[in-house]
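Architecture at a glance
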Amino acid sequence: MLQFQVNKPACIRCGECVFDCPSRIIGVEEGYPAIPAEKESACIRCEHCLTVCPTGAVSILGYQPAESRLLEGNLPDASQLETLIKGRRSVRRYQEENVDPELMQRLLEAAWHAPTGVNSRQVRFTVIDDREKLSRLRDEVMAGLVQLQKENRIPREMAYFSRFVRVWERQKVDLIFRNAPHLLIATAPKGVACPKEDCLIALSYFELLAQSSGLGTVWNGLVKWAFDLLPEAREKLGIPEDHLFGYSMSFGMPAVRYFRTVQHAPAIIHRPM
C-alpha cells in the first residue's frame, strides 16, 4: 500500500503533484489529488509528490512532510559548493584514529539518498567501521596476494599492481589500503537497471559530504582489484553473490591538509550543431 494521503484543508489544489509525478499515476478525484488502486503498482516511490507540494499537504509511504527538512534557506551557497568540488583531493595519508561513529552513520544515510536508475534504491554499503578490523582484513588480503604472486597467478596485464604487492612483501609498506582506518564498498544487485552507475553515484555523494565534514577519501581501485583476485575476501565480508562490486573508497581523518584548489585546463565541452 502506498498510503497516499492528502490533507484536504491544507491542499490548495495547485496540481503540482499531478503534473510532476514521473509515472503519471496521480489523478484528481472530487477536486483533490488521488492515486487509483489499480495504478499503485506503477509508483516508483520517488516521493516527488511529497516534496513538490508547497503546503505540505501530501504524504506517501507513511512519510509525513513535517518530518522532511525544508530546502529554502538550507541549501549550500553555489560558490562554496564549487570550491568543494574543485578543492576535493584524493587523500592517501591518514591519522591512526577512527571516525566518529555518529558522523559516519550520518554520511552513509545521506549518501544513500543518491539517485539510482528507475529509483531502484538497491545500493548496498559494506563499511569497515574500525581501524583494527580493517588492519586485520588488510593483512589477510595482502597475505593472499603475496601467495598469488609467488604462484605467478597475478595476470600479466596487472604488472603495475604486482609491484604494490612486492613492496608490501619486502617492506610492509601499504600502498593498496593506504593505512586508512576505514573502507567503504558499494555494491548493487546485477539485475537492477544500472548497478555500476548507481554505486559510483552513491560514492560520489559520500565523498563530497565526507570531505565537507573534514574527512579524507580516495577512490580505491587497487582494493577493487584485490577483491577481484581474491573472491574469498569478498565472501568474508558477506557481499552477496548476485551483487556487482561497484567500487571501493578508503576514508578517515586526513594526516595532510590542502590549502587551495588546483588549476586545470578548460573543460572539454562539445556542443553539436
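This one's a predicted model, so the numbers in the text were calculated from it and none came from an experiment.

1. Details of the sheet that holds strand S7 (residues 216-219)
Taken together, the four strands give an open sheet; going across it, the order is S5-S6-S8-S7, and neighbouring strands pair in antiparallel fashion. Of all strands in the sheet, those with a lone pairing partner are strand S5 (124-128) and S7, marking the two edges. Taken over all neighbouring pairs, the strand axes of this sheet differ in orientation by 25° on average, direction set aside. Two elements, S7 and strand S8 (residues 243-252), share four bridges in a ladder whose sense is antiparallel. Paired with Val218 across the bridge in S8 is Ser250. Together, S5, strand S6 (182-189) and S8 form the strand contacts of helix H4 (residues 101-111), whose direction differs from that of S5 by roughly 160°. Across the sheet, helix H8 (residues 221-229) is in contact with S6, S7 and S8; its angle to S8 comes to roughly 135°.

2. Description of the nonpolar core
Soluble globular proteins tend to pack their nonpolar side chains together in the buried interior. Counting 28 residues, the largest nonpolar core has Val141, Leu145, Phe161, Ile176, Phe177 and Phe227 as its most contacted members. When residues of this core are traced back to their parent elements, those giving at least two are helix H5 (131-150), helix H6 (159-171), S6 and H8. Sort the elements by how many residues they give to this core and H5 lands first, with seven residues. Residues Val99, Leu108, Ala202 and Met249 belong to the second largest nonpolar core, which totals 20 residues.

Calculation notes
Residues numbered from 1 in each chain as written. Predicted model: local features only at pLDDT ≥ 70, side-chain atom pairs only at ≥ 80, totals over all residues. Heavy atoms only, no water. Pairing = 2+ DSSP bridges. Helix = DSSP H or I, 4+ residues; strand = E, 2+ residues; numbered from the N terminus. Axes fitted to C-alpha atoms, helices over the stretch in contact; angles between N-to-C directions. Contact = heavy atoms within 4.5 Å. Core = buried A, V, L, I, M, F, W, Y, C linked by side-chain atoms within 4.5 Å. Buried < 20%, exposed > 50% of the residue type's maximum accessible area, 1.4 Å probe, protein only.

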